[in-house]
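Report on the structure
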Amino acid sequence: MASSARNRYLAAMNAPAPAPRQRKPDWIRVKAPTSHGYAETRRLMRSLNLATVCEEAACPNIGECWTKKHATVMILGDTCTRACAFCNVKTGMPRAVDLQEPEHVATAAAELGLEHIVVTSVDRDDLSDGGASQFVKVIEALRRTTPNTTIEILTPDFRNKSEAAVTSIVEAGPDVYNHNLETVPRLYPTIRPGARYYASLRLLESVKRQAPHIFTKSGVMVGLGEQRLEVHQVMDDMRSAGIDFLTMGQYLQPTPRHATVEEFVTPQAFDAYAAIARAKGFLLVAASPLTRSSYHAGDDFRKMQTARAAQLEQARR
Ligand code: SF4
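Okay, so let's go over this structure. Given the structure is predicted, the values throughout are model-derived calculations rather than measurements. (Residues numbered from 1 in each chain as written. Predicted model: local features only at pLDDT ≥ 70, side-chain atom pairs only at ≥ 80, totals over all residues. Heavy atoms only, no water.)

A closer look at the overall build of the protein chain
- A count of helices and strands for the protein chain gives 12 helices and 10 strands.
- Scaling as 2.2 N^0.38, a compact globule of 317 residues should have a C-alpha radius of gyration of about 20 Å, and the protein chain matches this with 20 Å.
- Its C-alpha atoms give the protein chain principal-axis dimensions of about 75 × 45 × 45 Å.
- When contacts within the protein chain are restricted to residue pairs at least 6 apart in sequence, those whose partners lie at least 24 apart make up 75%.
- Each charge class in the protein chain was averaged separately, 39 positive and 34 negative side chains, and the resulting centres sit 4 Å apart. (Helix = DSSP H or I, 4+ residues; strand = E, 2+ residues; numbered from the N terminus. Rg over C-alpha atoms; globule rule 2.2 N^0.38 Å. Contact = heavy atoms within 4.5 Å. Lys, Arg positive; Asp, Glu negative; His and termini not counted. Charge placed at Lys NZ, Arg CZ, Asp CG, Glu CD.)

Here's what the structure looks like:
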């Protein structure tokens with residue numbers, strides 16, 4: 001046996017057995033996806049060669065969302081250059097950027113009849129602009145093909161890329177700019193080792209400064225071992241960066257190789273977090289065990305519009 005293979009073999013033999021997975025509480029159970037709408041959405045995504053975060057991240061809401069033909073498209077391929085401890089998307093050297101992808105996303109939006117679309121991507125640290133120009137092309141293709149579809153983007157952090165990358169996306173004019181902080185800063189070295197908490201926060205702050213009319217949104221997962229007061233501090237940090245919309249959901253361990261669930265946070269505790277967040281001044285808060293950043297995104301977009309209109313009306317009086 002070659003020495004590197006032998007070392008890997010010995011490491012595997014000596015590795016501690018993975019901790020047994022906690023049983024999911026009843027409030028986390030979801031139905032297996034079987035509907036006609038689910039099958040239709042799946043067929044369309046396959047035919048257009050589009051990846052979705054719904055499948056790649058093993059999202060528990062896929063049955064519900066795809067039945068309603070809501071899918072979150074994942075551009076720039078299905079392979080990520082980072083290896084976050086919570087994420088099921090595969091890590092490696094991604095393939096070349098698909099030049100047809102922007103048109104395919106627009107076709108999917110048209111065929112699904114989407115009023116609101118969420119577009120996300122893997123991290124592409126290998127590209128000089130982190131993939132920002134592909135986001136711009138997707139936004140432009142959507143505006144051409146389905147001008148009435150509102151557009152929400154959920155981007156990587158563009159760490160170590162120039163400020164111009166983010167500016168180009170802002171100038172393309174999405175309706176919502178989302179970037180998830182994911183967890184409290186103390187847990188970044190283990191949960192999100194390739195990212196920096198304050199860099200992510202600054203990205204969202206910069207979007208809001210450049211285009212105050214664009215709704216900004218960010219999310220955290222709970223159940224990773226964070227403390228309640230640490231979550232409250234994240235809320236304060238988000239508010240000081242001008243973030244409009246906070247989403248909070250339960251972290252679920254996708255495979256035994258990923259970070260373990262430290263706690264299943266009860267629906268009552270989510271309600272308490274939501275009450276605190278509203279008191280801190282977010283325009284909108286979605287917090288429940290199954291909340292994901294793109295869950296009910298279209299409905300929530302309309303709620304944000306209504307809340308902002310009410311806020312402006314109040315300011316005028
Ligand atoms: S919550 Fe988002 S990621 Fe999950 S299935 Fe729905 S659209 Fe897809």
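Points about the site of the ligand
- As a structural note, the neighbourhood of the ligand is formed by V53, C54, C59, N61, I62, C65, T72, R292, S294 and Y295.
- Secondary structure elements with two or more residues in the shell around the ligand: α3 (53-56) and α4 (62-67).
- Along the lines of polarity and charge, the residues of the shell around the ligand split into six nonpolar, three polar and one charged. (Near = heavy atom within 4 Å. Nonpolar A, V, L, I, M, F, W, Y, C, P; charged D, E, K, R; others polar.)

Examining the pattern of salt bridges
- If you walk through the whole model with that rule in mind, you get 21 salt bridges.
- With its nearest N and O atoms 3.9 Å apart, the salt bridge here joins R42 to E55. Here E55 lies in helix α3 and R42 lies in helix α2 (residues 36-47), a separation of 13 residues in the sequence.
- Using a relative accessible area of 36% as the deciding quantity, one classes R42 as partly exposed.
- One salt bridge connects R144 with E103, and the closest N-O pair in it is separated by 2.7 Å. A residue pair is termed long-range when its members are at least 10 positions apart, and R144 in helix α6 (residues 132-145) and E103 in helix α5 (residues 101-112) qualify at 41 residues.
- Several salt bridges converge on common partners, so that one network encompasses R82, D123, D125 and D157. (Salt bridge = Lys/Arg side-chain N within 4 Å of Asp/Glu carboxyl O. Buried < 20%, exposed > 50% of the residue type's maximum accessible area, 1.4 Å probe, protein only.)

What to know about the environment of K161
- Here K161 shows up in the loop between β6 (150-154) and α7 (163-172).
- Along the sequence, K161 and A132 sit 29 residues apart, while their C-alpha atoms lie 9.7 Å from each other.
- Filtering out sequence-adjacent residues up to four positions away, K161 remains in contact with R124, D125, L127, S128, D129 and G130.

Considerations on the packing of aromatic side chains
- As enumerated under the stated definition, the model contains four aromatic pairs in all.
- Ring centres 5.8 Å apart and planes at 90 degrees place the aromatic pair F215 and F301 in the edge-to-face group. Placement of F215 in strand β8 (residues 215-222) and of F301 in helix α12 (residues 297-316) is noted, with a sequence separation of 86 residues between them. The pair formed by F215 and F301 is uniform in burial state, with each residue classed as buried.
- An aromatic cluster is built from Y188, Y197 and Y198, whose rings are joined through pairwise contacts.
- Here R239 stacks its cationic end above the ring of F282, 5.5 Å away from the centre of that ring. (Phe/Tyr/Trp six-rings, centres within 6.5 Å; stacked < 30°, edge-to-face > 60°. Lys NZ or Arg CZ within 6 Å of the ring centre and 35° of its normal.)

Overview of the layout of surface pockets
- In this structure, the second largest pocket spans a volume of roughly 370 Å³.
- Lining the second largest pocket are 19 residues, and of these N49, A51, G77, D78 and R95 lie nearest its centre.
- Looking at the lining of the second largest pocket, the elements with two or more residues in it are α2, β1 (51-52) and α3.
- Residue composition of the lining of the second largest pocket, by class: seven nonpolar, four polar and eight charged. (1 Å grid on protein atoms, 1.4 Å probe; cavity = no way out; pocket = protein on both sides within 12 Å on 5 of 7 lines; lining within 4 Å. Points joined across faces, edges and corners; volume = space filled by probe spheres on them.)

The values reported here are purely geometric and, on their own, carry no functional implication.
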